[in-house]
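# Residue-level structure breakdown
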Amino acid sequence: MKRLLILGSALLLAQTIFSSSAAAAGKPVVAVAEFHNSARSVYWWNSNVGWDLSDMLTSELANTGKFRVVERAKLQHVLREQDLGASGRVAKSSAARVGKLTGARYLVMGSVATYRENASGSKGGVSFGGVHVGGSKQQAYISVDLRVVDSTTGEILYSRTVEARAKGKSSNVGLNRGGLRLNQSSHKKTPAGKVIRAVIMEASDYLTCAMVDKGGCMKEFDRKERKRRAKDKKAIHLD
C-alpha cells in the first residue's frame with residue numbers, strides 16, 4: 001500500500017512537472033530592447049531611461065505569466081555587437097543573431113514618439129529667474145511606438161502605437177534653464193511618473209492580447225487605434 005502511495009505521488013509530481021514544462025514551452029519567448037526617444041520634449045530622458053523602460057515592460061510581461069522573458073543583462077551584451085544602435089534599426093542578420101544568442105523568438109522594440117505635459121490644467125507657485133517654487137496641477141500625455149520583430153526572419157510581426165494620459169499634482173522645487181529641468185519631488189507621484197507607468201501597462205496589455213490571447217480583445221485596441229489616428233489627422237493643417 002505504501003509503495004502504491006509513493007508510486008502515485010511520484011507519478012503526480014512527474015505529471016505536474018511535465019505539464020508545467022509543456023506550458024512554459026508554449027509561451028512566447030521575448031526580449032525587450034532598449035527604448036529610444038524620438039520626442040524632443042522629454043525633459044526627463046537621460047542615458048539610463050531607455051533601459052529603465054525596457055526593464056519595466058519586461059517585468060510587466062513576466063508578471064502576466066504568459067511570456068518567457070530574457071533578462072536585460074543577457075540581451076544587453078548581445079545588442080552591443082549587433083546592428084541595433086541608437087537608430088533602432090533591425091537587419092535580418094542582426095535579429096537572427098539576437099534570437100540565436102538569447103533564445104528569444106521575439107524582440108520587442110519601443111520608441112517614445114510624443115510627450116506633452118500641462119496639456120491641460122493649471123500651474124501654481126512662484127517663478128523667478130528660471131527657478132520655480134511651489135505646486136502645480138498637471139496633465140501628461142505620452143505615446144510609444146511598439147514593434148515586435150521575429151528574430152528568425154527579421155520581419156516586423158506586430159506594430160502599434162500605444163498611448164496614455166495621467167493627471168497629478170506635484171509640489172516641487174524645479175530648475176528650468178536652457179531646456180534642463182530638475183525635479184526634486186517624488187517622481188512616481190508626478191504626472192510624468194504616472195503616465196510612464198500607464199503606457200508601459202498599456203503596452204503589456206496590447207502585446208499580451210496580440211501575441212497570446214488574440215481574438216476578441218483586439219477589438220478594443222483597434223478602436224483605440226482608430227480614435228488616435230482620427231485625432232492625429234485633425235491636428236494636421238495643410239495650407
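Quick summary incoming for the structure in this document. All values derive from a computational prediction rather than experimental measurement. (Residues numbered from 1 in each chain as written. Predicted model: local features only at pLDDT ≥ 70, side-chain atom pairs only at ≥ 80, totals over all residues. Heavy atoms only, no water.)

## Re the nonpolar core
Heads up, the condition is: Throughout this description, the term nonpolar core refers to a set of buried Ala, Val, Leu, Ile, Met, Phe, Trp, Tyr and Cys residues connected via side-chain atoms within 4.5 Å. Here's how the labels work: a residue is buried when its accessible area is under 20% of the maximum for its type, exposed when over 50%, partly exposed in between, all with a 1.4 Å probe on protein chains only. To qualify as a helix, a DSSP run of H or I must reach at least 4 residues; to qualify as a strand, a run of E must reach at least 2; elements of each kind are numbered from the N terminus. The contact criterion used throughout is that any non-hydrogen atoms of two residues lie within 4.5 Å.
If you look at the biggest cluster of nonpolar residues, it comprises 37 residues, and the most contacted ones within it are L57, I142 and L207. Those elements that provide at least two residues to this core are β1 (29-32), α2 (49-64), β4 (106-117), β7 (131-150), β8 (156-177), α5 (191-213) and α6 (218-235). For this core, the element with the most residues is α5, which contributes eleven residues. Contacts of L57, omitting those with residues within four sequence positions, involve V32, F35, V108, I200, A203, S204 and L207.

## Some details on a positive patch on the surface
Using the following cut-off: Candidate patch residues must exceed 30% relative accessible area and have no salt bridge, after which like charges are joined if within 9 Å and Val, Leu, Ile, Met, Phe, Trp or Tyr side chains if within 5 Å. Note on areas: these come from Shrake-Rupley sampling with a 1.4 Å probe, and a residue is covered only by the protein chains present in the view. Here a salt bridge means any side-chain nitrogen of Lys or Arg lying within 4 Å of a carboxyl oxygen belonging to Asp or Glu. In this count, Lys and Arg are taken as positive residues and Asp and Glu as negative ones, while His and the chain termini are left out. Every charge is mapped onto a representative atom, which is NZ of Lys, CZ of Arg, CG of Asp or CD of Glu.
A cluster of basic residues, R116, R165, K227, K231 and K234, forms a positive patch on the protein surface. Here the positive patch gets three residues from one element, more than from any other, and that element is α6. Residue classification places K227 among the partly exposed residues on the basis of a relative accessible area of 48%.

## Some words on the pattern of salt bridges
Using the criterion set out here, one finds nine salt bridges in the structure. Put simply, R72 and D55 hold a salt bridge, and the shortest N to O gap is 2.7 Å. With a gap of 17 residues between them, R72 in helix α3 (residues 72-79) and D55 in helix α2 connect regions that are remote in the sequence. Under the relative-accessibility criterion, R72 is labelled partly exposed at 29%. A salt bridge links R228 to E225, with the shortest nitrogen-to-oxygen separation between them at 2.8 Å. Of this pair, R228 and E225 both sit in helix α6, separated by three residues, roughly a single helical turn.

## As for the packing of aromatic side chains
Going by this rule: Planes of paired rings set the category: under 30 degrees apart is stacked, over 60 is edge-to-face and the rest tilted, where pairs are Phe, Tyr or Trp rings (Trp by its six-membered ring) whose centres lie within 6.5 Å.
Counted under the stated rule, the structure contains four aromatic pairs. Considering the side-chain rings of W44 and Y115, the 5.3 Å spacing of their centres and the 90° angle between planes classify their relative orientation as edge-to-face. Taken together, the residues span a long stretch of sequence, with W44 in the loop between β2 (36-37) and α2 and Y115 in strand β4 at a distance of 71 residues. Y115 shares its class with W44; the two are buried.

## Topic: unusual backbone geometry
You will see that K214, though not glycine, has its phi angle at about 55°, which is positive. Tracing the backbone through its elements, the reader meets K214 in the loop between α5 and α6.

## Some points on the state of the cysteines
Heads up, the rule is: Cysteine sulfur atoms that come within 2.5 Å of each other are treated as a disulfide pair.
Under the criterion given, the structure shown has one disulfide. Two residues, C209 and C217, share a disulfide whose sulfurs are 1.9 Å apart. Linking C209 and C217, the disulfide has an S-S dihedral of approximately 100° and is accordingly described as right-handed.

## Let's talk about the side chain of R160
The cut-off we apply is this: Polar contacts here mean pairs of N or O atoms no more than 3.5 Å apart (in protein, one a potential hydrogen donor and the other a potential acceptor; neighbouring residues in sequence count only if both atoms are side-chain atoms).
Here R160 lies in strand β8. R160 gets classed as buried once you look at its relative accessible area, which sits at 13%. At 3.0 Å, the side chain of R160 and the backbone oxygen of F221 are in polar contact. Look past the residues within four positions of R160 in its chain and what remains in contact with it is V144, D145, L146, Y206, M218, F221, D222 and E225.

## Comments concerning the pairing of β4
Residues in a regular strand point their side chains to alternate faces of the sheet. For clarity, the cut-off: Whether two strands pair comes down to DSSP finding at least two bridges between them.
Of all twelve residues that make up β4, nine are buried, and the element is covered over most of its length. Across three bridges, β1 lies against β4 in parallel orientation. Counterpart to V30 in the pairing with β4 is Y106. Judged from the two bridges that link them, β2 and β4 form a sheet pairing that is parallel. Following the sheet pairing, H36 is matched in β4 by S111.

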